[in-house]
Each structure stands twice: as structure tokens, then as C-alpha cells.
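# Observations on chain architecture
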Amino acid sequence: MNRMFPIAVALFACFIAHESHGRPLAPAAAAATAAEVRMDHISIVAMGKGSPVILIPGLSSPRAVWDGAAPNLAKTHRVILVQVNGFSGDDAGANLKPGILDGVVADLDAYIVKNKLQGAAVVGHSMGGLLGMMLAKAHPGDVGKLMIVDSLPFYGMLFGPTATTAMVQPQAAMMRDKMIAGYGKPADAANVEGVANALALKPGSRELVKGWMAAADPRVSGEAMYEDLQTDLRADMAGIKTPMTIVYPWNDARPTKPIADTLYKAAYAAAPHMTYVDIGDAAHFVMLDQPEAFAKALDAFLAS
């Protein structure tokens, strides 16, 4: 068995879980707040003043994933909280069609240009990290520096270093179709519990993850997952000149520190300006499991 396989199980569990999730939400759940800016693929809430920091959540996660970091950041920064339409019980908008990831990047660029935020610090978790890399590749002037939180330039590499988008396409399509077919059906409580336990270590973290999974529209999550698995930026790493920091978790179960070190340092070896930060006793939602350690890493990133 590939020694990376346990990590793949933990991370891709969040994709598979949605096959039995999703229910139509009451209109009130989709109401935008007064401070929210809605675009075709994302919505944005801004807070604070100072140099801009853009926070992008991962697959099926709302902007609330950054609640532990955003208020403190807002004391000295203009904090831009991104949310993918359909990931928090809100209207999915244009995300019911293919092209979600490219659409998010286009919306981010439009917002940055309109609000003169070029050179912003960008922080992305999981799929949000991939989106940050896509933004830095397509619009390098938008991103002054990028923090990638537990993400890879190609998630398919978790199944082996020779994996390609073509190799994972059939499985990705199957997972997407199962997830989308689950829209409107009751959730499998045991499955939700297992997925949350794989993605977070602390009881409070797991409860948050379960709630976010239940709220996300599986039609959007399914397509976004598929596009994530069909995006391979490994060949682009050498050409992305933006300074990048990868924050990755490890724990005694999966992944252990030696496995995590090997995986992430190999994945980003070609990047010309890369900093590696590992945080122990944490799983995929590292900012929830270890908020103090994550805050320290975030402060160091912004000060660099």
C-alpha cells in the first residue's frame, strides 16, 4: 500500500461524505448580510483597516472557518473573508454550472482590482490554497504573498507520485455524481461522524466541521471537488514567483511528521520562494485544532 494512502483517505473523506448530504434550505438561510458583497461565484465580507489579507476557505467550508483568526487580524489589517456560493446554505448562483474554480479566481481578481488590493497577502485552506495558487499564477500582481494551509498543487498525488488528472478522472467523476445525487436526501449521521473525526482531532473542531458539511450544497461541493482533482499545478510551481508558505499538520496517527514532511517538501520543491511550517497534534482543520500555533504561524507569515 502506498504510504500516503492513509492521508488520502482522511482528506478525500470530506468529498465522499456529501453523497448523502444536502437538503433544500429555507429562503431565510440564504439571505445576505448588509455588509456582504455578492458576486457570481463568491461572496465577500470585509472587516478592519490596514494592509489587506484575503482569507479563502476550503471545500464545503464557510468563511466561519476563519473565526478564530479574523477578529485579531482586523485590529491591524483589512480582512477580506471569502465564501464560495453554496457552501453555507446560501444561494449557489453560478456555481451550479461547471467552471467553479476558474469563476472564483475571476471574481477574486475583479474584487482585488476594483478595490485596489493588489499585492494582498492571501491565505487559503485546502481547496482555498489551490485557489490561491491559481490566482497567483493567473494574476501574479494580485498576490503579494501566499499562505497555503494543508493543500497541494495536485491532490491526486496523495494516491502516488505518478498520478495524473487522467488517472484520477474516472474516480473523481464517480464521486462528483454521487455527491450531486445526494442533494435533498437525509444525511448519514455515522458517515458524517467518521468524516469529521478524520478531518479534525479536537471534539469542538469536529462539531464545527459536521455542521459545515451539513449546510453545504452537495451540487456545488461535488463539482468543486471534481475540478480540484482535475487541476494539476505541479508543472507551474517553478514559474510562480510569489513567496509562499505551506502550513501542514501532523499527528501520531495520520499523517505522522516524517510522512507529512516528505509529502509537502516534495510537492513544493520546485517553488522558488517556499517556507515550510509544520504544526503537530492537528489534522486537516489545523486552524481549529491548534488555533494558537496557527495564529503564531499566521503572524510570522504576515511579518515576513
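Residues numbered from 1 in each chain as written. Predicted model: local features only at pLDDT ≥ 70, side-chain atom pairs only at ≥ 80, totals over all residues. Heavy atoms only, no water.

## Topic: the sheet that holds strand E5 (residues 120-125)
Read from one edge to the other, the open sheet built from 8 strands follows the order E1-E2-E4-E3-E5-E6-E7-E8, with strand pairing classed as mixed. Two strands lie at the open edges of the sheet, namely strand E1 (36-38) and strand E8 (274-280), each paired on one side alone. Averaged over all adjacent pairs, the angle separating strand axes in this sheet is 20°, with direction ignored. As paired elements, E5 and strand E6 (residues 143-149) share 6 bridges and run parallel to each other. Residue pairing in the sheet places Val122 in a bridge with Leu146 of E6. Relative to the sheet, helix H9 (residues 257-267) contacts strand E7 (244-250) and E8, its axis offset from that of E7 by approximately 155°. (Pairing = 2+ DSSP bridges. Helix = DSSP H or I, 4+ residues; strand = E, 2+ residues; numbered from the N terminus. Axes fitted to C-alpha atoms, helices over the stretch in contact; angles between N-to-C directions. Contact = heavy atoms within 4.5 Å.)

## Considering helix H8 (residues 218-229)
Given a rise of 1.5 Å per residue, 12 residues ought to cover 16 Å, and the 16 Å separating the end C-alpha atoms of H8 matches this to within 8%. Within H8, 11 of the 12 residues are buried, which leaves the element mostly enclosed by the surrounding structure. Every buried residue belonging to H8 is among Pro218, Val220, Ser221, Gly222, Glu223, Ala224, Met225, Tyr226, Glu227, Asp228 and Leu229, and all of these are buried. (Expected span 1.5 Å × (residues − 1). Buried < 20%, exposed > 50% of the residue type's maximum accessible area, 1.4 Å probe, protein only.)

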